[in-house]
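Chain by chain, the residues:
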Amino acid sequence: KWAIMRRSAEIWAYFCSFYLKDRRITAKFEKGRWSEEKFKEERSKLGEEITQNLLKLGPTFIKVGQLFSTRIDIVPKEYIDQLKRLQDNVPAFSGDLAVEIIERELGKPIDELFDEFNRTSLAAASLGQVHVARKGNELLAVKIQRQYLRELF
């Protein structure tokens, strides 16, 4: 119960903070305190902050960011330019975490599961990433779901 309340508070705090920052930036521009160039620069910085926070909030919010990155009719260009990075530039989680997830889910040490396991991901996305492994003569692609997805859904 407390984890849900803490998570809800984290999400609301972030979005309230974003809203207030956006209002402050817009007000400074509308009152003539900032040039259009400064306004766009500050919005771009806030867009970068949004993107980083969505990554921290997890897969569901990455998906929301991906959706908004396509909505040029309702989202300012400066935000879209940053949110577009969520389409194909989601950072990978560490190879050590990938091994930890595999071992926990499959109940065996990685060296019992595979003869070789490349800790560097081949590709990463909002819901997981792919690593290359070898078992005997077989070359395998191992897809690993991001941590805590099951709890989120």
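It should be noted that the structure appears before, not after, this text.
The structure contained in this document is the topic of the report that follows. Worth saying up front: this structure is predicted, and the values here are computed from it rather than measured. (Residues numbered from 1 in each chain as written. Predicted model: local features only at pLDDT ≥ 70, side-chain atom pairs only at ≥ 80, totals over all residues. Heavy atoms only, no water.)

**Structural notes on the packing of aromatic side chains**
How we decide: For Phe, Tyr and Trp, where Trp contributes only its six-membered ring, two rings pair if their centres lie within 6.5 Å, and the inter-plane angle classes them as stacked under 30 degrees, edge-to-face over 60, or tilted in between. Per-residue accessibility, obtained with a 1.4 Å probe over protein chains only, is compared with the maximum for each type, and a residue is labelled buried under 20%, exposed over 50%, and partly exposed between these values. Here a strand is any run of E in DSSP of at least two residues, a helix any run of H or I of at least four, and the numbering for each starts at the N terminus.
Scanning all chains against the criterion turns up five aromatic pairs. When the ring of Y14 is compared with that of F15, the centres are 4.8 Å apart and the planes differ by 70°; the resulting orientation is edge-to-face. Among the residues examined, Y14 registers a relative accessible area of 10% and is labelled buried. Aromatic side chains F18 and Y79 sit 5.6 Å apart centroid to centroid with 65° between the ring planes, which places their arrangement in the edge-to-face category. Here Y79 lies in helix α4 (residues 77-83) and F18 lies in helix α1 (residues 2-30), a separation of 61 residues in the sequence.

**Digging into the pattern of salt bridges**
Rules: Put simply, a salt bridge is a Lys or Arg side-chain nitrogen that is within 4 Å of an Asp or Glu carboxyl oxygen.
Overall, the coordinates contain 15 salt bridges when judged by the stated rule. The shortest N-O distance in the salt bridge between R119 and D96 comes to 2.6 Å. Note that R119 is positioned in the loop between β1 (116-117) and β2 (123-124) and D96 in helix α6 (residues 95-106), a separation of 23 residues in sequence. Residue classification places R119 among the partly exposed residues on the basis of a relative accessible area of 42%. By relative accessible area, which is 53% here, D96 ends up exposed. If you follow the salt bridges from partner to partner, you end up with D22, R23, R43 and E78 in one network.

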